[in-house]
Amino acid sequence: MACLLEAPLRISVLSEVTATSRHYVDRLFDPDPQKVLQGVIDMKNAVIGNNKQKANLIVLGAVPRLLYLLQQSSSSMELRTECAVVLGSLAMGTENNIKSLVDCHIIPALLQGLLSPDLVFIEACLRCLRTVFISPVTPVQLLYTDPTVIPHLMSLLSNSLRTQEYITQIFSHCCKTPEHQTILFNHGAIQNIAPLLISPSYKVRMQALKCFSVLAYENTQVSMTLVNVLVDGELLTQVFVKMMQRDQPIEMQLTAAKCLTYMCRASAIRTDDSCIVLKTLPCLVRMCSKEHLLEERVEGAETLAYLMEPDVELQRIASTTDHLVAMLADYFKYPSSVSAITDIKRLDHDLKHAHELRQAAFKLYASLGSNDEEIRKKITETENMMDRIVSGLSESSIKVRLAAVRCLHSLSRSVQQLRTSFHDHAVWKPLMKLLQNAPDEVLVMASSTLCNLLLEFSPSKEPILESGVMELLCSLTQSDSPALRVNGIWALMNMAFQADQKVKVEIVRCLGTEQLFRLLSDPDTNVLMKTLGLLRNLLSQRAHIDQVMSSHGKQIMQAVTLILEAEHSIEVKEQTLCILVNIADGNTAKDLIMTNDDMLQKIKYYMGHSNVKLQLAATFCVSNLIWNEEDGSQERQDKLREMGFVDILHKLTQSSEPNLSDRAKTALQQYLA
């Protein structure tokens, strides 16, 4: 009885429990097996479609008794089967019913039942397991607790159409993680389920197809295997293509398109393959049209967005297929005023799906506009599009807000849009609002967009600076999330680009030198690169260079030394040498290099490096140090000559890289002038 509900709740429910419900449970304890069987059959008939009766029986303790009878070897096969049927019916009720059943350990009991030789009993157990597992409240991990379960389910697949339908449905609902995919894959899911795609039963074909969509999602191993699978002499991809034909049910078309989409995204199918360009993409665009159910339009748009996200050519093809960009504008028109007047049920349905539709449209616009300038223009010129994005940023649904900011981010990659529609609609205001107390997922996307709005040519840069955004950006650099640290420092880097001295001083003050140097030793390369970029932008224009170096020169030189000595990528070292190039351009700052023999030796080393980019940056640095028109140039030239720099410059003038040989020649000319 351990699984009964808590006492207070039980009393309140019991007040409504009828004597009939108690009578059903009492009959389960009758010493006469025939009467018990009849009692279970009567209970089965009483609970069909009656949620109140189901809840009453659960509260009265019917479940432990039914499970006991189901597991007793002394129970007749008929009784055990009827118990499984009643439990399956109880599972068809509310989520609370499912929770009660799971708490009573129904899953291990039913899985044990699958070891029986009786097919009708096995099917009843599987039907109940299917109902329990498709509920969102059931922990799917319970399917994987006992390692013998999956292979046993695979072995039952060939028993009947029902076992095929229920088992594939259980698999498709319980495959939630890469680990689950691997377990199913290793136990032969592909070869066992592939033949079911040509089953005479539509339900079996459909569940098998759903299995392949969850197995292939973001899984290269599965997708690469699927490409070579033959079903009755035909390649699996061709079977999927046939399932997308217009004469097939929509659910089948959509799921087959998902399978091919996931295989394409896992690089098992090329993006220019005809089954993607001529079949999958048009099928998904078709799903976005008005004639489909709202749920289908949501799924179609989201799958299409995922398919073409990394591929500019697919984005271009989709943008010119069936007026897709204009078609998506319709996603924002729910619930429509007509449905509000004529049909309350329809209004309720529309309201339920309105958020999902807007989310799907924003996602698809984001994907469409992520690369091509013409498509972005098309999107922003679609009726009230910018207004819709702006209002999407403050919607109650977090998913819609995330999709809207994603769309905004995609459009913010356009110089043209930053200068026009972004400025006209002052999108920075709702964006700033969104950045306050947002969850990390939204924060990452919103701060990425802000980085673009802070670019030099963006008219939004000034008002954003005046709005006091700096504190927020500096706080992002302290986040545990590398993506947020990158975006915080990236935005500051953009802010510092060609900024006046006041802004630069404020950045250093707000960020704090300790944090700046902490970021220079960040384990994430992207964070390090953007921090070096910020430092490089702070150290531009001579007066600024001298001022920053007079305050923080010692620490900066120390950080540069550490980076040049450590194991870092060519990109990181190049960026670090470029900081030295800027320091060498200062009036007084260059003394920090000239008085540091260790640093000069490092520059000399990189002039002779095997990588041209590093050679070029180091040579540029020397060029700045010995530039003729500046005070003290003669002494600096003499010192570098003594250290052997001139010999290296002569060698570099012979380089096959024109940029490098030109830079070396320019540096040598300083000695001749």
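Keep in mind the model is a prediction, meaning the values are calculated, not measured. (Residues numbered from 1 in each chain as written. Predicted model: local features only at pLDDT ≥ 70, side-chain atom pairs only at ≥ 80, totals over all residues. Heavy atoms only, no water.)

### Structural notes on the nonpolar core
Consideration 1: Counting residues in hydrophobic clusters, the biggest one holds 240 residues, and the most contacted among them are Phe240, Leu368, Leu580 and Ile593.
Consideration 2: If near-sequence neighbours (up to four positions away) are discounted, isoleucine 593 is found in contact with Met557, Leu580, Ile583, Ala584, Met599, Leu600, Ile603, Cys621 and Leu625. (Core = buried A, V, L, I, M, F, W, Y, C linked by side-chain atoms within 4.5 Å. Buried < 20%, exposed > 50% of the residue type's maximum accessible area, 1.4 Å probe, protein only. Contact = heavy atoms within 4.5 Å.)

### Some words on the packing of aromatic side chains
Consideration 1: By the definition in use, this model includes six aromatic pairs.
Consideration 2: Relative to tyrosine 306, the ring of tyrosine 217 has its centre 5.7 Å away and its plane inclined at 40°; by these criteria the two rings are tilted. Taken together, the residues tyrosine 217 in the loop between helix H14 (202-216) and helix H15 (220-227) and tyrosine 306 in helix H19 (residues 294-308) connect sequence positions 89 residues apart.
Consideration 3: Owing to a relative accessible area of 37%, tyrosine 217 belongs among the partly exposed residues under this scheme. (Phe/Tyr/Trp six-rings, centres within 6.5 Å; stacked < 30°, edge-to-face > 60°. Helix = DSSP H or I, 4+ residues; strand = E, 2+ residues; numbered from the N terminus.)

### Comments concerning the pattern of salt bridges
Consideration 1: Per the counting criterion, the structure on display carries 29 salt bridges.
Consideration 2: Across the pair glutamate 299 and lysine 258 runs a salt bridge whose closest N-O atoms are separated by 2.7 Å. Of the two residues, glutamate 299 is situated in helix H19 and lysine 258 in helix H17 (residues 250-265); the sequence distance between them amounts to 41 residues.
Consideration 3: Residue lysine 258 is classed as buried on the basis of its relative accessible area, which comes to 18%.
Consideration 4: Two residues, glutamate 395 and arginine 358, come together in a salt bridge whose shortest N-O distance is 2.5 Å. Of this pair, glutamate 395 sits in the loop between helix H25 (385-392) and helix H26 (398-411) while arginine 358 sits in helix H23 (residues 344-368); the two residues are 37 residues apart in sequence, bridging distant segments of the chain. Of the two residues, glutamate 395 and arginine 358, both sit in the buried class.
Consideration 5: Because the salt bridges share partners, they merge into one network encompassing Arg542, Asp585, Lys590 and Glu630. (Salt bridge = Lys/Arg side-chain N within 4 Å of Asp/Glu carboxyl O.)

### Looking at the state of the cysteines
Consideration 1: Following the criterion strictly, the structure yields zero disulfides and no others.
Consideration 2: The thiol of cysteine 83 is not disulfide-bonded; the next cysteine sulfur, from cysteine 125, is found 10.0 Å away.
Consideration 3: What makes cysteine 83 buried here is its relative accessible area of 0%.
Consideration 4: Cysteine cysteine 259 is unpaired, with the sulfur of cysteine 211 as its nearest cysteine sulfur at 9.7 Å. (Disulfide = S-S within 2.5 Å.)

### With respect to helix H18 (residues 274-287)
Consideration 1: Across its 14 residues, H18 extends 19 Å between first and last C-alpha, which sits within 8% of the 20 Å expected from 1.5 Å per residue.
Consideration 2: Threonine 280 marks where H18 bends most, by close to 30°; the proline proline 282 follows one to four residues later.
Consideration 3: With respect to burial, H18 is a largely interior element, ten of its 14 residues being buried.
Consideration 4: Every buried residue of H18 is accounted for by Cys275, Ile276, Val277, Thr280, Leu281, Cys283, Leu284, Val285, Arg286 and Met287.
Consideration 5: Next to the buried residues of H18 lie helix H16 (236-243), H17, H19, helix H20 (312-319) and helix H21 (324-329).
Consideration 6: Among the residues of H18, the N-terminal cap falls to aspartate 273, whose side-chain oxygen and the backbone nitrogen of cysteine 275 are separated by 2.9 Å. (Expected span 1.5 Å × (residues − 1). Bend = angle between axes of the 7 residues up to and from the residue. Polar contact = N/O pair within 3.5 Å; in protein donor to acceptor, adjacent residues only side chain to side chain.)

### Points about the packing of helix H40 (residues 597-607) against helix H43 (residues 645-652)
Consideration 1: For the pair H40 and H43, the least separation of the axes is 10 Å and the interaxial angle reads 20°. When the axis of H40 is compared with that of H43, the two are roughly parallel. Two packed elements cross with a definite hand, and for H40 against H43 that hand is left-handed. Where H40 abuts H43, its residues Leu600, Ile603, Lys604 and Met607 lie against Phe645, Ile648, Leu649 and Leu652.
Consideration 2: Its residues placed into classes, the contact of H40 with H43 shows seven nonpolar, no polar and one charged. (Axes fitted to C-alpha atoms, helices over the stretch in contact; angles between N-to-C directions. Parallel < 35°, antiparallel > 145°, perpendicular 65-115°, else oblique. Left-handed = near helix turned anticlockwise from the far one by under 90°. Nonpolar A, V, L, I, M, F, W, Y, C, P; charged D, E, K, R; others polar.)

### Re the UniProt feature "repeat: ARM" (unreviewed entry) in the protein chain
Consideration 1: Residues annotated by UniProt as "repeat: ARM" (unreviewed entry) correspond here to residues 61-97 and 511-553.
Consideration 2: Strand forms 0% of residues 61-97 and helix 76%; the C-alpha atoms that close the span are 12 Å apart. (UniProt positions renumbered as here; feature names shortened; annotations may be inferred.)

### A closer look at helix H4 (residues 51-59)
Consideration 1: For H4, the full list of buried residues reads Gln53, Lys54, Asn56, Leu57, Ile58 and Val59.
Consideration 2: Sitting at the head of H4, asparagine 50 places a side-chain oxygen 3.3 Å from the backbone nitrogen of lysine 52.
Consideration 3: Phi for glycine 61, located one or two positions after H4, is positive at around 90°.

### Overview of the packing of H40 against helix H41 (residues 612-625)
The description of two packed helices rests on the angle between their axes and on the distance between the axes.
Consideration 1: Following both chains from N to C, one finds H40 and H41 inclined at 135°, their axes separated by 7 Å at the closest point. Overall, the two elements H40 and H41 adopt an arrangement that is oblique. With respect to the hand of their crossing, H40 and H41 are arranged in left-handed fashion. Between H40 and H41, the contacting residues are Leu600, Ile603, Tyr606 and Met607 on the first element and Leu614, Gln615, Ala618, Thr619, Cys621, Val622 and Leu625 on the second.

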